[in-house]
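Remarks on the overall topology
Read off the chains here:
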Amino acid sequence: MKKYLEILKDAAITKNPTFVQLLGMCPTLAVTTSLLNGLSMGVAVTVVLICSGTIISLLRRLIPDSVRIASYIVIISAFVTAVQLVIRAYLPAVDAALGIFIPLIVVNCIVLGRAEAFASKHTPGEAAVDGLGSGLGFTVALALVGFVREFLGSGTILGGTPLELAIPFAKPMLFFVLPAGAFVTLGFVIAAVNALRRASEKRRFEKEKKL
Amino acid sequence: MITKLLLILFTAIFIENYIFSKFYGVCPFLGVSKDPATAVGMGLAVTGVMTVSGAATWLLYRFVLVPFGLTYLDTLAFILVIAALVQALELFLKKMIPSLYRALGIYLPLITTNCAVLGAALTGISDFEGTLEHFASAVVYSFGSALGFLFAIVLFAGVRKRLESALPPKAFQGIPLALISAGLVAIAFSGFSGMRF
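Throughout what follows, the structure given in this document is the object of discussion. Every chain begins its residue count from 1, and numbering advances along the sequence as written. Written order decides the labels, with chains lettered from A and ligands numbered from 1. Local features in this predicted model are restricted to residues whose pLDDT is 70 or higher, and side-chain atom pairs enter the listing and the counts only when it is 80 or higher, whereas totals over whole chains, interfaces and linings include all residues. Derived side-chain values reflect all non-hydrogen atoms in the structure, with water molecules and hydrogen atoms excluded from consideration.

**Re the overall build of chain A**
Where we set the bar: Helix numbering and strand numbering both begin at the N terminus, where a helix is a DSSP run of H or I of at least 4 residues and a strand a DSSP run of E of at least 2. It only takes one pair of heavy atoms within 4.5 Å for two residues to be counted as in contact. Note that accessible areas follow from Shrake-Rupley with a 1.4 Å probe, and for residues the cover is restricted to the protein chains shown. Only four residue types enter the tally: Lys and Arg on the positive side, Asp and Glu on the negative side; His and the chain ends are excluded. Every charge is mapped to an atom, namely NZ of Lys, CZ of Arg, CG of Asp or CD of Glu.
A tally of helices and strands in chain A yields 9 helices and 0 strands. Along chain A, from the amino end to the carboxyl end, the secondary structure elements read α-α-α-α-α-α-α-α-α. Summarising its shape, the C-alpha atoms of chain A cover approximately 65 × 60 × 30 Å along the three principal directions. In chain A, 73% of the contacts between residues at least 6 apart in sequence involve partners at least 24 apart. As displayed, chain A has an accessible area near 10400 Å², and 70% of this comes from carbon and sulfur atoms. Taking the average location of the 20 positive side-chain charges in chain A and that of its 12 negative ones, the two points are 5 Å from each other.

Below you can see the structure in the form of structure tokens.
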């Protein structure tokens, strides 16, 4: 049990796909115009990560080394197609908002990266937990960027209107919903996470020095 | 017909630039834009693969997937076509132009997972579906989008060259500063979006 918690923490926080490994930048920039879009994209990627990680781990002794990347891509795209069909059938609004970025999960470097770096070398259980962890880390990152952009750009949280209630006469800044705002917001969010990580590392270093 | 194709080309390069307005291919864009020379190499390789894959996937969709009612397999079929094309390009360059192969070496396999290539193929079949006349539009669209990618990555490599000598706060070093600069370039590109024909 402890081993699984370790894998989960490692995948979600220590090796956070977005903030630490800087993978999967395209969806992070493109679908984060609102908190809800970011969350739905995160959940879709998490499902694909868990399923493809488990299957790739089960097949890891059968797949020849020379064609492994092609095999991973086929397995991943099968699950992406399944997720896409489910979303299209039951959540048409999400399908419209995320659009082409659902099929593009196939070429998301996080999914292929975890397949190559983790799932192909570990047991199915561990691979599923790693997929869950990476997916959660990615979802939190997307939700954070989506929250900032939606709050500053549209003045809402999950579609409500709290900005104008909190600060009278405050007007949302359209810039943050536009493509340029995506780059700038993500830059500042990653810088803030860097600053926090540096601060916590410094604290740990000083603690160790005292001992 | 010619005017229409030119409009598609211009729109794909400037107004709907893949990097700065649609966010396709941002990973290789951030990864390879540190040096102008490699940026040109990567951009050219992507241009070649994207144009050919745009044509191949359109034909595959129209003449295989649609007649057999397999359109829901488009993502899976297209990624296989793209992976095969990249492999073929790799073999071709290795045999015919070894100097270019050595220069591009590590970037070639990366093209398979460049979402710009799959993105162009999927947009090509949804925006230009139907008769063979649309085939030309789809190919020009893929080519123009790839040129837009090349343009963006080379332009931004120049910007990043200048950023090397900048001294930002420690937390902003590297990717955060690059992202914010990309945001400023994107503001310039958003000027094109006012142009409608």
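**Describing the nonpolar core**
Cut-off, in case you're wondering: Among buried residues, those of type Ala, Val, Leu, Ile, Met, Phe, Trp, Tyr and Cys that are joined through side-chain atoms within 4.5 Å constitute a nonpolar core. Each residue's exposure class comes from its accessible area (1.4 Å probe, protein chains only) as a fraction of the maximum for that residue type: buried when under 20%, exposed when over 50%, partly exposed otherwise.
F20(B) and F29(B) are the most contacted members of the largest nonpolar core, which has 104 residues in total. Discounting residues that sit within four places of it in the chain, F29(B) has contacts with I19(B), F20(B), A152(B), I153(B), F156(B) and A182(B).

**What to know about the packing of helix 7 (residues 124-153) of chain A against helix 9 (residues 179-210) of chain A**
Residue and element names in this part refer to chain A. Heads up, the rule is: Helix axes use the C-alpha atoms of the stretch in contact, all axes being lines fitted to C-alpha atoms, and the angles between their N-to-C directions lie in the range 0 to 180 degrees. If an angle is under 35 degrees, it is roughly parallel; if it is over 145, roughly antiparallel; if it lies from 65 to 115, roughly perpendicular; otherwise it is oblique. When the near helix sits turned anticlockwise from the far one by under a right angle, the crossing is termed left-handed; a clockwise turn instead gives a right-handed crossing.
Contact geometry of helix 7 with helix 9 gives a least axis separation of 10 Å together with a crossing angle of 125°. The orientation of helix 7 relative to helix 9 falls into the category oblique. Remark: the crossing between helix 7 and helix 9 carries right-handed chirality. Contacts between helix 7 and helix 9 involve L144, V145, V148 and R149 from the first element and G181, A182, T185, L186 and V189 from the second.

**Description of the packing of helix 8 (residues 132-163) of chain B against helix 9 (residues 175-190) of chain B**
If you want to describe how two helices pack, look at the angle between their axes and the distance between the axes. All names here are of chain B. What counts is decided by this rule: Residues were grouped as follows: Ala, Val, Leu, Ile, Met, Phe, Trp, Tyr, Cys and Pro as nonpolar; Asp, Glu, Lys and Arg as charged; and all remaining residues, including Gly, as polar.
Two elements in contact, helix 8 and helix 9, have axes whose closest approach is 11 Å; the angle formed by their N-to-C orientations is 130°. The angle between helix 8 and helix 9 falls in the class oblique. Note on packing geometry: the crossing formed by helix 8 with helix 9 is right-handed. Counted together, F151, L155, F156, V159, R160 and L163 of helix 8 and I175, L177, A178, S181, A182, V185 and F189 of helix 9 form the full contact between these two elements. In terms of residue class, the contact of helix 8 with helix 9 is made up of 11 nonpolar, 1 polar and 1 charged.

**What about a nonpolar patch on the surface?**
Residues and elements named next belong to chain B. The condition that has to hold: For patches, a residue must show more than 30% relative accessible area and have no salt bridge; joins then use 9 Å for like charges and 5 Å for nonpolar side chains, namely Val, Leu, Ile, Met, Phe, Trp and Tyr. When a carboxyl oxygen of Asp or Glu lies within 4 Å of a side-chain nitrogen of Lys or Arg, that pair is called a salt bridge.
Residues L59, F63, V64, F68 and L132 make up a contiguous nonpolar surface patch of roughly 490 Å² in combined accessible area. No other element matches helix 3 (residues 36-65), which puts 3 residues into the nonpolar patch. Within the secondary structure, F63 is located in helix 3.

**Notes on the interface of chain B and chain A**
For the record, the criterion: When two components associate, each loses some accessible surface as probed by a 1.4 Å sphere; the sum of these losses over both components is called the buried area.
Taken residue by residue, the interface counts 33 residues in chain B and 35 residues in chain A. Carbon and sulfur atoms supply 85% of the area that chain B and chain A bury against each other, a total of about 2900 Å² over both sides. Counting across the interface, chain B meets chain A through 0 salt bridges. With 8 residues, the single largest contributor to the side of chain B that touches chain A is helix 9 of chain B. Partitioning the side of chain B that touches chain A into residue classes produces 23 nonpolar, 8 polar and 2 charged.

**Digging into the pattern of salt bridges**
Residues and elements named next belong to chain A. Summed over all chains, the structure comprises 7 salt bridges over all chains. K3 is the salt-bridge partner of E126, the closest N and O atoms lying 3.0 Å from each other. Placement of the pair is E126 in helix 7 and K3 in helix 1 (residues 2-14), with a sequence separation of 123 residues. Take K3: its relative accessible area is 46%, and that puts it in the partly exposed class.

**Observations regarding unusual backbone geometry**
If you check the backbone angles, L22(A) has positive phi at about 55° while not being a glycine. On the secondary structure map, L22(A) appears in the loop between helix 1 and helix 2 (25-30). The backbone of F23(B) sits at a positive phi, close to 60°, despite the residue not being glycine. Checked against the element boundaries, F23(B) lands in the loop between helix 1 (2-15) and helix 2 (26-32). The class of F23(B) is buried, set by a relative accessible area of 5%.

**Digging into the environment of V64(B)**
Turning to its location among the elements, V64(B) is positioned in helix 3. C-alpha separation for the pair V64(B) and V81(B), spaced 17 residues apart in sequence, amounts to 13 Å.

**Examining the side chain of T185(A)**
All names here are of chain A. Heads up, the rule is: Here a polar contact is recorded for every N or O atom pair within 3.5 Å, except that within protein the pair must consist of a potential hydrogen donor and a potential acceptor, and residues adjacent in sequence are included only if both atoms are side-chain atoms.
With respect to the element layout, T185 can be found in helix 9. Look at T185 and you get buried, because its relative accessible area is 3%. Separated by 2.5 Å, the side chain of T185 and the backbone oxygen of G181 make a polar contact. If we ignore the near neighbours within four places in the chain, the residues touching T185 are V145, V148, R149 and F176.

**Describing the environment of F151(B)**
Residue and element names in this part refer to chain B. Within the secondary structure layout, F151 lies in helix 8. Judged by its relative accessible area of 33%, F151 is partly exposed. Leave out the neighbours within four places in its chain, and F151 touches F14 and F189.

**Focus: the packing of aromatic side chains**
So the rule is basically this: Any pair of Phe, Tyr and Trp rings, taking the six-membered ring for Trp, is counted once the centres come within 6.5 Å. Such a pair is stacked with planes under 30 degrees apart, edge-to-face with planes over 60 apart, and tilted for the rest. Any Lys NZ or Arg CZ found within 6 Å of a ring centre and within 35 degrees of that ring's normal is scored as a charge over the ring.
Using the criterion set out here, one finds 19 aromatic pairs over all chains in the structure. On the basis of an interplanar angle of 45° and a centroid distance of 5.0 Å, the ring pair of F10(B) and F14(B) is categorised as tilted. Of this pair, F10(B) and F14(B) are both found in helix 1, 4 residues apart, which corresponds to roughly one turn of the helix. Through a chain of ring-to-ring contacts, three or more aromatic side chains come together here, namely F183(A), F10(B), F14(B), F20(B), F23(B), F29(B), F151(B), F156(B), F189(B) and F192(B). Here K3(A) stacks its cationic end above the ring of Y4(A), 5.3 Å away from the centre of that ring. The side chain of R62(B) reaches across the aromatic face of F63(B), ending 5.1 Å from its centre.

**Re helix 1 of chain B**
To keep it simple, the criterion reads: The span expected for a helix works out to 1.5 Å for each residue beyond the first.
Here helix 1 of chain B is 14 residues long and its end C-alpha atoms lie 19 Å apart, about the 20 Å a rise of 1.5 Å per residue gives. In this structure, the buried side of helix 1 of chain B is in contact with helix 8 and helix 9 of chain B.

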